[in-house]
Amino acid sequence: MLGVIRQRVTCRGIPTSTLEQGMRVVASRAFSSSAKEMTVREALNSALDEEMSADPRVFLMGEEVGEYQGAYKISKGLLEKYGPDRVVDTPITEAGFTGIGVGAAYYGLKPVIEFMTFNFSMQAIDHIINSAAKSNYMSAGQISVPIVFRGPNGAAAGVGAQHSQCYAAWYGSIPGLKVLAPYSSEDARGLLKAAIRDPDPVVFLENELLYGESFPISAETLDSSFSLPIGKAKIEREGKDVTITAFSKMVGYALQAAGILAKEGISAEVINLRSIRPLDRSTINASVRKTNRLVTVEEGFPQHGVGAEICASVLEDSFEYLDAPVERIAGADVPMPYAANLERMAVPQVEDIVRAAKRSCYRSSSLAATA
Amino acid sequence: MACSATAQIIQPLSINSARSVDNSDACTKTLSPSSFLGSTPRINKKLFAVNKSISPLARRPTTVFAVSSDVVKEKKLKSNSSLSNLLITKKEGLELYEDMYLGRAFEDMCAQMYYRGKMFGFVHLYNGQEAVSTGFIKLLKKEDYVVSTYRDHVHSLSKGVPAREVMSELFGKTTGCCRGQGGSMHMFSKEHNVLGGFAFIGEGIPVATGAAFTSKYKREVLKEDCDEVALAFFGDGTCNNGQFFECLNMAALWKLPIVFVVENNLWAIGMSHVRATSDPQIWKKGPAFGMPGIHVDGMDVLKVREVAKEAIDRARRGEGPTLVECETYRFRGHSLADPDELRDPAEKAHYATRDPITALKKYMAENKLVSEAELKAIDKKIDELVEDAVEFADKSPVPARSQLLENVFADPRGFGIGPNGKYRCEDPKFTEGTAQV
């Protein structure tokens, strides 16, 4: 388990290099006074706070969520505000407390179960899938499970193979689960609120490295009844030459790649998936039909990944519209190495996305025709 | 005393080992501490004889110490003093008999239907263990929760799910309690608060603990008037699983209103309990976590009922969980596909003489509680009920093709709830463009 909380110094949403070793400066967490900016951590904290105050049936359960203020400080201040009955510190018993959450959800409470990282959810995956996801179906609609499983997912920095896996593809294949992956603070707030209000089990995949990043935020987002639809992707940047789909941290990389590509005359459309399940096939396909090229980006393992599913979906629905083979960027097909330089090679970087986009535009080889 | 449990609230009791094995007349004796029999000496020897490789165990003392909390012990001593007190009234007796006979008749009919091809897949029958289900569940209110394993037909029936619905579910018809979508191993009923029906052993225990958590939460946070109790039924094999211990810990830690009922039928498919467990006395695991651990003869519905009353009342009062180990036996194999070759026929014969239904009948006859005719009337009524259930299930339609994709989500098309509180897919503007604020 991670003993050290890491925060990153960021400026204006553009992350610094992810692999700085050694001491990290703990960024001041004061809410930015230049109005309308919020870190993802603040967004999640405020969303939890508002939902817990709106509905007394919502409670938070997990390791270190109470007195420690949250392993990544997401639940800071909630214990003082709501008391130990509603912010429950658990022993190290993922299977046990996840099952307890599911049992409580059967009876109309709305638990938010926090996993310190989603890697630990593997100890509880039986409950997430067999007793939460499948119950509404097995009981023919009698018993619904309004539970949220949340926590950081995917690679952090230098945490090794057992703490770095991305679970989007695993959970995304289960009927009966909704799987969300926010990127910005607006996503984090809106999707977490939607997840807590939702009557079905939701797996909410956050990203540890995004917690400290600030994003501009509009006034509507700060409203306590704000929420985003589950199952709808967002077009972060419009373009006409190539579609790049991504989720979670990779959206930031895709946006940077789009900036680089624009300088070279390639206009990339960046789609922030937001929802892995249900996957917004219509938005993806509409975009591909416009641009005729597709690059999928994800952090997880390539085989049976989210990119594979998007690729198949596009082939099924928009085959005639494709001008180039679909490019699939994913993490390396190895358990995450520890050494900094190897770790950098095992996770997609901005250059990889740029290269893939150029390949799909036939710009990468010397024989390529002009766009 | 060989009991080494850390006993803050537990007083170990030693058992008089001179009792006869054929204690089908055990019901007729009033309860006294010494009647808290678990395995008798002969049974222990029988088990050890079957597993000759476990030589260290053969040297253990062959009596089993039952342990009960102080309160239970005091109650027993009190009832000692008035030998004329019967344990049940006539009405209760008939209710218990009817419920156990329903369980037995239903399961026998299931076996018949399975061999005729009307039922399929995995079917796990409960014959022989009826005393545990009836003894516990008949003491519950409708709002109390029951969580079971794959051997859940009789738990559902005892809790009140109509036999017709259970039988239809087993036939895979749309009139079943889960519209045919759950099956034998996944009996759910919201109305009767049966929370399943889980195929993975140990999976139901945290779910039951969660239901107990809800009960406590409703009382303390939502300030509702709620004293509902959760019962978790599971077997001896489950007691080696990590989730069991995790939940014993948390239930005792948070004083949750739950009773953990171990149906120790000595066999986990073909794995004998003593071969799989370092310390086969499961009730001892309760005190290790700070809750009372009780061992009771699970073939005797009256004894089970006495212990159950105490444990359920304890939970209802908010004093926390209890672990009850019921020594019982399943007359049939693990499932209808199990050839059941590993169990010693002599062991099976022995337990057949301790059939809970016969035992109850004998008790009621000897104490002149009911007449033969009344019992026969119940038998007839239940047989007709079960026949009717089969006919109903037979005539019911199979699910329509469109039912395949239903019920995956509570929210009709899985797109969540919008800010106005309605399902998003019902909002006509939902499919317009990409998501904006």
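What counts as what
Residues numbered from 1 in each chain as written. Chains lettered and ligands numbered in written order. Predicted model: local features only at pLDDT ≥ 70, side-chain atom pairs only at ≥ 80, totals over all residues. Heavy atoms only, no water. UniProt positions renumbered as here; feature names shortened; annotations may be inferred. Helix = DSSP H or I, 4+ residues; strand = E, 2+ residues; numbered from the N terminus. Contact = heavy atoms within 4.5 Å. Buried area = accessible area lost by both parts, 1.4 Å probe. Salt bridge = Lys/Arg side-chain N within 4 Å of Asp/Glu carboxyl O. Polar contact = N/O pair within 3.5 Å; in protein donor to acceptor, adjacent residues only side chain to side chain. Pairing = 2+ DSSP bridges. Axes fitted to C-alpha atoms, helices over the stretch in contact; angles between N-to-C directions. Phe/Tyr/Trp six-rings, centres within 6.5 Å; stacked < 30°, edge-to-face > 60°. Buried < 20%, exposed > 50% of the residue type's maximum accessible area, 1.4 Å probe, protein only. Lys NZ or Arg CZ within 6 Å of the ring centre and 35° of its normal. Parallel < 35°, antiparallel > 145°, perpendicular 65-115°, else oblique. Left-handed = near helix turned anticlockwise from the far one by under 90°. Nonpolar A, V, L, I, M, F, W, Y, C, P; charged D, E, K, R; others polar.

1. Quick look at the UniProt feature "domain: Transketolase-like pyrimidine-binding" (unreviewed entry) in chain A
- Mapped onto this numbering, the UniProt entry annotates "domain: Transketolase-like pyrimidine-binding" (unreviewed entry) at residues 38–213 of chain A.
- In residues 38–213 of chain A, the share of helix is 36% and the share of strand is 16%. The end C-alpha atoms are 8 Å apart.

2. Examining the interface of chain B and chain A
- Between chain B and chain A, the contact holds 58 residues from the first and 64 residues from the second.
- For the pairing of chain B and chain A, the buried interface totals around 4800 Å² over both sides, and the portion due to carbon and sulfur atoms is 65%.
- For the interface between chain B and chain A, the tally reads 0 salt bridges.
- Here chain B is connected to chain A by 17 residue pairs in polar contact (both at pLDDT 80 or more).
- Secondary structure elements with two or more residues in the side of chain B that touches chain A: strand E4 (188–189), strand E5 (194–195), helix H8 (204–220) and helix H9 (242–254) of chain B.

3. Description of the sheet that holds strand E12 (residues 275–277) of chain A
Residues and elements named next belong to chain A.
- Within the open sheet, the 7 strands sit side by side as E3-E2-E4-E5-E7-E6-E12. Their pairing is mixed. Sheet topology places strand E3 (87–89) and E12 at the edges, where each strand pairs with a single neighbour. On average, each strand axis in the sheet is tilted by 20 degrees relative to the strand beside it, whichever way the strands run.
- Packed on one face of the sheet, helix H1 (residues 40–54) meets strand E2 (58–62), E3, strand E4 (110–114), strand E5 (148–152) and strand E7 (202–206) and runs near 130 degrees to E2.

4. Some remarks on the packing of aromatic side chains
- All told, the structure shown has 23 aromatic pairs over all chains when counted by the stated rule.
- Ring geometry for Phe59 of chain A versus Tyr217 of chain B: centroids 5.3 Å apart, planes at 40 degrees, classification tilted. Pair noted here: Phe59 of chain A is in strand E2 and Tyr217 of chain B is in helix H8, and the two residues belong to different chains. Both residues of the pair, Phe59 of chain A and Tyr217 of chain B, count as buried.
- Measuring from centroid to centroid gives 6.0 Å for Tyr97 of chain B and Tyr101 of chain B, while their planes differ by 20 degrees, and the two rings are stacked. Taken together, the positions of Tyr97 of chain B and Tyr101 of chain B, both in helix H4 (residues 90–115) and 4 residues apart, correspond to about one turn of that helix.
- Judged by relative accessible area, which is 1%, Tyr97 of chain B ranks as buried.
- Ring-pair connections join several aromatic residues into one group, and the members of that group are Phe97, Phe115, Phe118, Phe149, Tyr167, Trp170 and Tyr171 of chain A.
- Over the face of the ring belonging to Tyr68 of chain A we find Lys73 of chain A, whose NZ or CZ atom lies 4.2 Å from the ring centre.

5. Focus on the packing of helix H7 (residues 163–171) of chain B against helix H15 (residues 372–395) of chain B
All names here are of chain B.
- Look at H7 against H15: their axes get within 8 Å of each other, and the N-to-C directions meet at 45 degrees. Taken together, H7 and H15 sit at an angle that is classed as oblique. Pair H7 / H15 crosses with right-handed handedness. Across the interface between the two elements, Ala163, Arg164, Met167, Ser168 and Phe171 of H7 pack against Leu385, Asp388, Ala389, Val390, Phe392, Ala393 and Asp394 of H15.
- Split by residue class, the contact of H7 with H15 holds 8 nonpolar, 1 polar and 3 charged.

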